[in-house]
Amino acid sequence: MSEGDGRVQAPFGTRDVTIDGIEELGPYRVFSCTDAAGPVPSAGQFYMLTGAERWGGGADERPYLPRAVSVLAAGDDQLSFVIEVVGPGTERLAELVDGDRLRLLGPLGNGFSSPGTGIRPILCGGGIGVAPLAMMGQQLLAEGREVTSLLGFRDAEHAVGAEFIAGSQVATDDGSVGHGGFVTELLLAELERDPSAVVYSCGPPEMLDAVRAISVASGVPAQLALEAPMACGYGACYGCVVKVADGSFRRTCVDGPVVVAEELAVDWLAAERSQ
Amino acid sequence: MTVDLCGIELAHPVINGSGTFDVIAARRVFGAAVDENFPFAAFVSKTITLEPRLGNPPPRLFETPAGLINSIGLPNRGVAGYLEHDLPGLATLPVPLITNVMGSNADEVGQLFEALEPRGEIAAIELNVSCPNVKTGLDIGADPAELSKLLAVVRGKTSKPLIVKLTPNTANVALVASAAEASGADAVSLINTLRAFAADPRRPGKAWLGGGTGGQSGPAIRSVALAQTSAVAAAIELPIIAMGGIATAAHGRQFLDAGALIVAVGTESFRDPIAGAKVAAGLLS
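Reading guide: rules and limits
Residues numbered from 1 in each chain as written. Chains lettered and ligands numbered in written order. Predicted model: local features only at pLDDT ≥ 70, side-chain atom pairs only at ≥ 80, totals over all residues. Helix = DSSP H or I, 4+ residues; strand = E, 2+ residues; numbered from the N terminus. Rg over C-alpha atoms; globule rule 2.2 N^0.38 Å. Buried ≥ 20, exposed ≤ 12 C-beta atoms within 10 Å, placed from the backbone. Contact = placed C-beta atoms within 7 Å. Pairing = 2+ DSSP bridges. Axes fitted to C-alpha atoms, helices over the stretch in contact; angles between N-to-C directions. Parallel < 35°, antiparallel > 145°, perpendicular 65-115°, else oblique. Left-handed = near helix turned anticlockwise from the far one by under 90°. Nonpolar A, V, L, I, M, F, W, Y, C, P; charged D, E, K, R; others polar. Domains from an automatic or database assignment.

Caption draft 1: Up close: the overall build of chain A. Along the backbone of chain A there are five helices and 15 strands. For a compact globule of 275 residues, the expected C-alpha radius of gyration is about 19 Å, and chain A comes in at 18 Å, within 12% of that figure. Counting only C-alpha atoms and orienting by the principal axes, one finds that chain A spans roughly 50 × 45 × 40 Å. A buried classification covers 52% of the 275 residues belonging to chain A. Contacts spanning at least 24 positions in sequence make up 63% of the contacts within chain A whose residues lie at least 6 apart.

Spelled out as structure tokens, the structure:
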């Protein structure tokens, strides 16, 4: 009955869970919940989240739609997410405290694919995009793999996000922590040292496009976890599309969020905007 | 609480709005539960056109107070692709299938009807004359005389029940509904999205949406939908499928009380894929 493409499937319908842990880390807010009804997600999958109460009535009388948020960590019925406030949806999510009800749908999307044996996995992330990479890193470490982690941030305040992945090399735009410049400069240096690698990437669209270009030019495969505004998260609305190489549009929610770099259209970024 | 829609028996009075639920994607995401607990008493496909359409460039969505504006642009495989690739999967659904089609003129609509006619898996046709996202279709559904002319040509090309999906972007929806009734429609559905503009917050005067204008849906349009449903119910005898911001059974009841036979859940399914089942359960209890 189901197409069975190997993804972890979600229970049909939203469910409410109780937040049982909140942690502040600089501009980031991590919240955890017990989700006994859901399966263990794979790294790169995401959930559609809303506050079970008072969803709406914020700035501009929003939010209305749920927000797509990558899972940061999972196991033993526990899920955790990290958010940074960027608009009315994340603002409301950031107001939730211990004991509040969170409404979720998921896990959704395809998730990352495992690297082949003998190929070095490199995590390359920017900002809040560290979340799915942290989970992928944990999964790879559990498999006994050596992981190289490169993370880029705006400034020192945001660079605390490097704590999500121990042992990361850090770049900051303003040079206040680590390498002064783009994380993709660290990536180029790593690939020069040893090009037998696969890159897992998540972050701002401009960074992902730079990773895409590096992947295409170098032939080093890259899996990019995209972000797009979504209404549904499960393929119903066709709102979250990204332009792919043959000129058609692909739904980020069901045929992503992870895409292979070379599958994206060269000009995919041109139309990307966030509300 | 079974309902007879033009001879099609439905288990309850809740179906989906066209283009708001994708069975094939939902099965990938949720597995067999989609068919085991299908939320709707009939399934209405997204709009199918004669030729394949890629849809509009992103951005395609804009969140508003209590709703959203979409400019999806009717992406679909075209009718041949639909019949070959989508219909086999849709035909196994545990509920009747209604196929929604749109053509830019009578010739196209006629070809679409003829292509669907031999397929017994399709219980009824819904004709989209109202989508505000594309240039075609708009004038036909907004003008009673244009709609009558179209239906006069195409009505005879299908023996299946024909549902005309009305546009709310017209001066007098009751007149258009009456024209549909007089021209051989078996039912009408309303409302489609209201034509809307999303201003780009960073580029004054420019459109946010890749397709230019879009269509507003969600709770924001429920009061408009109720007014139009009442007006149409007062004007015609045909069965009415009503929709527009229905999120709960109480909302659904308001539309049934206004004269609808069936209600459709659309945008609320984006927030919860089993919203239709929850509305149906509330109406049945």
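Text resumes after the structure shown.
Caption draft 2: The arrangement of the sheet that holds strand β6 (residues 101-108) of chain A in detail. Residues and elements named next belong to chain A. The strand order around the closed barrel built from six strands is β1-β2-β5-β4-β3-β6, with neighbouring strands paired in antiparallel fashion. Sheet twist, expressed as the average angle between the axes of neighbouring strands with direction ignored, equals 45°. Taken together, the six bridges between strand β2 (residues 28-34) and strand β5 (residues 78-83) define a ladder with antiparallel strand orientation. Directly across from S32, in β5, lies its bridge partner S80. This element, helix α2 (residues 130-142), spans β4 (67-75) and β5 of the sheet and lies at about 25° to β4.

Caption draft 3: Geometry of the environment of P273 of chain B. By secondary structure assignment, the location of P273 of chain B is in the loop between α10 (267-271) and α11 (275-284). Assessed through the 27 C-beta atoms surrounding it within 10 Å, P273 of chain B is described here as buried. A C-alpha to C-alpha distance of 30 Å links P273 of chain B and E117 of chain B, two positions 156 residues apart in sequence. Those residues in contact with P273 of chain B that lie beyond four places of it in its chain are F12, G13 and Y234 of chain A together with A26 of chain B.

Caption draft 4: Inspection of the packing of helix α6 (residues 144-154) of chain B against helix α7 (residues 173-182) of chain B at higher detail. Residues and elements named next belong to chain B. For the pair α6 and α7, interaxial distance at closest approach is 9 Å and the crossing angle is 20°. The angle between the axes of α6 and α7 places the two elements in the roughly parallel class. Viewed along their axes, α6 and α7 form a crossing whose handedness is right-handed. Along the contact surface, α6 presents P144, L147, S148 and L151, while α7 presents L175, V176, A179, A180 and A182. By residue class, the composition of the contact of α6 with α7 is eight nonpolar, one polar and no charged.

Caption draft 5: The domain arrangement of chain A, seen in detail. Residue and element names in this part refer to chain A. The domains assigned to chain A are domain 1 (15-108) and domain 2 (120-271). Look at where the C-alpha atoms of domain 1 and domain 2 centre, and you get two points 22 Å apart. Looking at the side of domain 1 that touches domain 2 element by element, the count peaks at six residues for β4. Class assignment for the residues of the side of domain 1 that touches domain 2 results in 15 nonpolar, three polar and one charged.

Caption draft 6: Quick peek at the interface of chain B and chain A. Taken together, the contact pairs 39 residues of chain B with 34 residues of chain A. Within the residue set of the side of chain B that touches chain A, elements represented by two or more residues are α1 (23-30), α2 (33-36), β5 (61-64), β6 (67-70) and α10 of chain B. Sorting elements by how many residues they give to the side of chain B that touches chain A places α1 of chain B first, with six residues.

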